[in-house]
Amino acid sequence: MEITKKEQGGIIVISFCGRLGFDEASEAQAVIESAISECQSGVVVDCGSLDYVSSAGLRAFLVGAKAAETKGVSFRACALDENVESVFTISGFDRIISLHATLEDALGQ
Amino acid sequence: MLSLHQEMLLLAVNDDGDIEFTAGTSTFRLAFVGACLIELALKDKIEVDPEEVRVISRDVDNDATLNLVMKRLCEHSTPQRLGFWLSHLQADVQEITRLTLMSLCDQGILKSEESRFLWVLSSRKYPVIDGTEQKEAKLRIMETLLGDSIPSTEDSVLIGLARAGGLLEAFLSRKEIVRLEGRLEQVSNLELTAGLVELAIQEEQEAIARAMLVSSYPI
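Residues numbered from 1 in each chain as written. Chains lettered and ligands numbered in written order. Predicted model: local features only at pLDDT ≥ 70, side-chain atom pairs only at ≥ 80, totals over all residues. Heavy atoms only, no water.

Peer 1: Can you break down the interface of chain B and chain A residue by residue, with the values?
Peer 2: Opposite the 26 residues of chain B that make contact, chain A presents 20 residues. Buried surface at the junction of chain B and chain A, both sides included, amounts to about 1,900 Å², of which 58% is carbon and sulfur. Its largest share of buried area at the contact with chain A, chain B owes to Ile150(B), Leu190(B) and Leu192(B), together 34% of the area lost on that side. There are one salt bridge connecting chain B and chain A. (Contact = heavy atoms within 4.5 Å. Buried area = accessible area lost by both parts, 1.4 Å probe. Salt bridge = Lys/Arg side-chain N within 4 Å of Asp/Glu carboxyl O.)

Below you can see the structure in the form of structure tokens.
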């Protein structure tokens, strides 16, 4: 999985590209945690190029949501494809993470 | 720290050491086997998605219950869906329960006592020894339900399993459960394996309801 990170107006945007399974989960979690500790107002995870997420990979998002809650910043995900969105819904993550159709929506533009 | 299947069974033990009536229901059995699978997922021994369950590591330390479940998972050469395993493992549910009760006895949390029902039929009771672990599990559930923060995966899943297995009624009134329904919905099963277990239980309940409807109104 490829991970990129950029800052946009106080919000850090992380883009995941490829699969987020057991083998990629630790790296994804570390990137999310460091982005939350560095950000000023929030983190957006762009899932536009993420085509698979498993139980192990998904845990990185819960860790992110909890860390963001503790710091008092926003934590959002955007551009989920149908399969990834279905995994978020089954796991109830749509109840604790704000999901947006596009990156622009997530950034509030 | 206790594993999920241990905590779930511990919540089903009442003050007299009997396993609550709900533990005999098909819903509880599905949730209980689900607890074993979720525990394996949380320990990174299996990886789960909506299509299949894959074994990552067969080494489950000294947990006899998880060893049995892992043995079954490894008996199939091709990966199967979670729903398949929930059904398939029902054949082992008595043994899974016995092994989990034994592990709680070995850890000094329950004791095993022979008792008589109607002075003739022998049965076994599992009274708690000092109740610390049971109280702690209930307290964690209550703290999460009465708070407003995102729970840990473990607490979220325990709440979902207790809810699915009908165990919340053992320490919450019907009125309280109704009052907390929104929070229960929000914090239960924040984990993919647990979400899939919940879906499988809903499907089972719908199938039972359909079967009852058909038997009530035969064509």
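Peer 1: So what about the pairing of strand E2 (residues 11-20) of chain A? Which residues, and what values?
Peer 2: All names here are of chain A. Of all ten residues making up E2, eight are buried, and the element is well covered by its neighbours. Relative to E2, strand E1 (residues 2-8) runs antiparallel, the two sharing seven bridges. Across the sheet, Ile3 pairs through a bridge with Phe16, a residue of E2. Adjacent in sequence and paired antiparallel, E1 and E2 are bridged by two residues, among which Gly9 carries a positive phi angle near 60°. For E2 and strand E3 (residues 42-53), the ladder comprises nine bridges, and the chain directions are parallel. (Buried < 20%, exposed > 50% of the residue type's maximum accessible area, 1.4 Å probe, protein only. Helix = DSSP H or I, 4+ residues; strand = E, 2+ residues; numbered from the N terminus. Pairing = 2+ DSSP bridges.)

Peer 1: Any details on the packing of helix H3 (residues 64-75) of chain B against helix H5 (residues 93-106) of chain B? Residues and values, ideally.
Peer 2: Residues and elements named next belong to chain B. Contact geometry for H3 and H5: axes closest at 8 Å, N-to-C directions at 155°. Between H3 and H5, the angle falls in the class roughly antiparallel. Side by side, H3 and H5 meet where Ala64, Thr65, Leu68 and Val69 of the first sit next to Glu95, Ile96, Leu99 and Thr100 of the second. Grouping the amino acids of the contact of H3 with H5 by side-chain chemistry returns five nonpolar, two polar and one charged. (Axes fitted to C-alpha atoms, helices over the stretch in contact; angles between N-to-C directions. Parallel < 35°, antiparallel > 145°, perpendicular 65-115°, else oblique. Nonpolar A, V, L, I, M, F, W, Y, C, P; charged D, E, K, R; others polar.)

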